[in-house]
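Spelled out from the first residue to the last, the chains are:
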Amino acid sequence: MSETIETSSETITLTIDGQEIQAKAGQTILQAAQKNGIYIPTLCALHASKENGLKSDIAPGTCRICTVRVNGRTMAACTTPVAQDYIVENDTEELNDLRKTIVELLFVEGNHFCPSCEKSGSCDLQALAYRYQMLSPRFHYAFSSREVNAESPKLLFDRNRCILCRRCVLAITTEDGKQLFGFTKRGDKSGIIMDEELVKNISEEQAQQAMHICPVGAIIRKEKGFDTPFGQRKYDHNPIGSETVCTTCNGEKS
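Residues numbered from 1 in each chain as written. Predicted model: local features only at pLDDT ≥ 70, side-chain atom pairs only at ≥ 80, totals over all residues. Heavy atoms only, no water.

Some details on the packing of helix H2 (residues 93-109) against helix H3 (residues 124-131)
Line of reasoning, step 1. The N-to-C vectors of H2 and H3 enclose an angle of 130 degrees; their axes lie 10 Å apart at closest approach. Considering their axes alone, H2 and H3 lie oblique with respect to each other. Two packed elements cross with a definite hand, and for H2 against H3 that hand is left-handed. Here H2 contributes Val103, Leu106 and Phe107 to the contact with H3, which in turn contributes Leu125, Gln126, Leu128 and Ala129.
Line of reasoning, step 2. By residue class, the composition of the contact of H2 with H3 is six nonpolar, one polar and no charged. (Axes fitted to C-alpha atoms, helices over the stretch in contact; angles between N-to-C directions. Helix = DSSP H or I, 4+ residues; strand = E, 2+ residues; numbered from the N terminus. Parallel < 35°, antiparallel > 145°, perpendicular 65-115°, else oblique. Left-handed = near helix turned anticlockwise from the far one by under 90°. Contact = heavy atoms within 4.5 Å. Nonpolar A, V, L, I, M, F, W, Y, C, P; charged D, E, K, R; others polar.)

Some remarks on the confidence of the model for the protein
Line of reasoning, step 1. When pLDDT is averaged along the protein, the result is 91, and 93% of the positions lie at 70 or above.
Line of reasoning, step 2. Overall, residues 246-254 carries pLDDT values under 50, and its contacts beyond four positions in sequence, including any with other chains, amount to 15 contacts. (pLDDT = per-residue confidence, 0-100.)

Re the sheet that holds strand E1 (residues 11-16)
Line of reasoning, step 1. Within the open sheet, the five strands sit side by side as E2-E1-E5-E3-E4. Their pairing is mixed. Whereas interior strands pair on both sides, the edge strands pair on one side only; in this sheet they are strand E2 (19-24) and strand E4 (73-76). Within this sheet the neighbouring strands show an average axis-to-axis angle of 40 degrees, counted without direction.
Line of reasoning, step 2. Pairing geometry for strand E3 (residues 67-70) and E4, over four bridges, is antiparallel. Among the inter-strand pairings, Val68 is bridged to a residue of E4, identified as Met75.
Line of reasoning, step 3. Contacts from H2 reach E3 and strand E5 (87-89), with the element oriented near 155 degrees to E3. (Pairing = 2+ DSSP bridges.)

Some remarks on the packing of aromatic side chains
Line of reasoning, step 1. Going through the model one piece at a time under the given rule, you end up with three aromatic pairs.
Line of reasoning, step 2. Pairing Phe157 with Phe181 gives two aromatic rings, centres 6.2 Å apart and planes at 75 degrees, and the pair type is edge-to-face. Residue Phe157 is located in strand E7 (residues 155-158), and its partner Phe181 is located in strand E8 (residues 181-184); the two are separated by 24 residues in the primary sequence. Residues Phe157 and Phe181 agree in their burial class; the two are buried.
Line of reasoning, step 3. For the ring pair Phe226 and Phe230, a centre distance of 5.8 Å and an interplane angle of 75 degrees mean the geometry is edge-to-face. (Phe/Tyr/Trp six-rings, centres within 6.5 Å; stacked < 30°, edge-to-face > 60°. Buried < 20%, exposed > 50% of the residue type's maximum accessible area, 1.4 Å probe, protein only.)

Brief notes about the state of the cysteines
Line of reasoning, step 1. If you walk through the whole model with that rule in mind, you get zero disulfides.
Line of reasoning, step 2. Cys165 takes part in no disulfide bond, and the closest cysteine sulfur to it belongs to Cys214, at a distance of 6.1 Å.
Line of reasoning, step 3. Here Cys168 is not disulfide-linked; the sulfur of Cys165 is the nearest cysteine sulfur, at 6.1 Å.
Line of reasoning, step 4. Accessibility expressed as a relative area gives 8% for Cys168, which makes it buried. (Disulfide = S-S within 2.5 Å.)

Observations regarding helix H6 (residues 204-213)
Line of reasoning, step 1. The complete set of buried residues in H6 reads Gln206, Ala207, Gln209, Ala210, Met211 and Ile213.
Line of reasoning, step 2. Buried residues along H6 sit against E7, helix H4 (167-171) and strand E10 (219-221).

Brief notes about the sheet that holds E10
Line of reasoning, step 1. Reading across the sheet, the three strands line up as E6-E7-E10 and stay open at both edges, with antiparallel pairing between neighbours. Strands with a single pairing partner mark the edges of an open sheet, and in this sheet they are strand E6 (148-149) and E10.
Line of reasoning, step 2. Sheet topology note: the E7/E10 ladder contains three bridges and is antiparallel. By the bridge assignment for E10, Leu156 is matched with Ile220.
Line of reasoning, step 3. With respect to the sheet, H6 is in contact with E7 and E10, its orientation differing from that of E10 by roughly 140 degrees.

Observations regarding H3
Line of reasoning, step 1. Buried residues dominate H3, accounting for six of its eight residues.
Line of reasoning, step 2. Along H3, the positions that sit buried rather than exposed are Asp124, Leu125, Gln126, Ala127, Leu128 and Ala129.
Line of reasoning, step 3. Close packing links the buried residues of H3 with H2, H4 and helix H7 (234-237).
Line of reasoning, step 4. Trailing H3 by a residue or two, Gln133 shows a phi angle of about 55 degrees, which is positive.

Digging into the pattern of salt bridges
Line of reasoning, step 1. Evaluation of the coordinates by the stated rule reveals twelve salt bridges.
Line of reasoning, step 2. For Arg69, the salt bridge is made with Glu94, and the minimal N-O distance between the two is 2.7 Å. Residue Arg69 is found in strand E3, and its partner Glu94 is found in helix H2; the two are separated by 25 residues along the sequence.
Line of reasoning, step 3. The class for Glu94 is partly exposed, based on a relative accessible area of 48%.
Line of reasoning, step 4. With its nearest N and O atoms 3.9 Å apart, the salt bridge here joins Asp176 to Lys178. (Salt bridge = Lys/Arg side-chain N within 4 Å of Asp/Glu carboxyl O.)

Written as structure tokens, this is what we have:
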């Protein structure tokens, strides 16, 4: 399936958590849910908006936080297209425990020291830990030691916090389509790398966008740290998921 989602005008009816909704053919379950004010968590998929600078949605399908049960089978909501009469289970105890497990694994696999991170209060991973009431991970910390790259004049890239979502790989490109970030190696050796020459000349706008689309604090815009004080950040007042707005029920939040 294409990583850039396209839609058509054909209308499809499906059910999510017992609620019958309308979607367009070509939309994913995640897109249909967002359009109808139903929250499905994600760390890798991102809806295009003026705020994040994306012209089209991206859905790498890497984090699996959006796992739902479709007609009895577990599927990733961000990469599964809608189909007529699909019955989708989303907000269940089983699936939420699975999501909590993924969040815990991401925390122990990396080094996420939230009190010192610029993204604290705006971090999707931290916000999901709050949502699923993660007090202490059930798994042992890996205590990995990874490189912090501060060579770029505008960006700091901390691989200790990277969750390999691939948002930066898909979203940050030059005008002629060259990717500034890439994926390297496989398995527990896999990681994100930067094109040093391209990143050296990254624009102010792209540097800010790279920090914005990163769901954690792996990409930080230099000299702009802590612009927004604690207490005024994205999730300081409203938890993750509360931003979902139903477009068919007078804008009421889910």
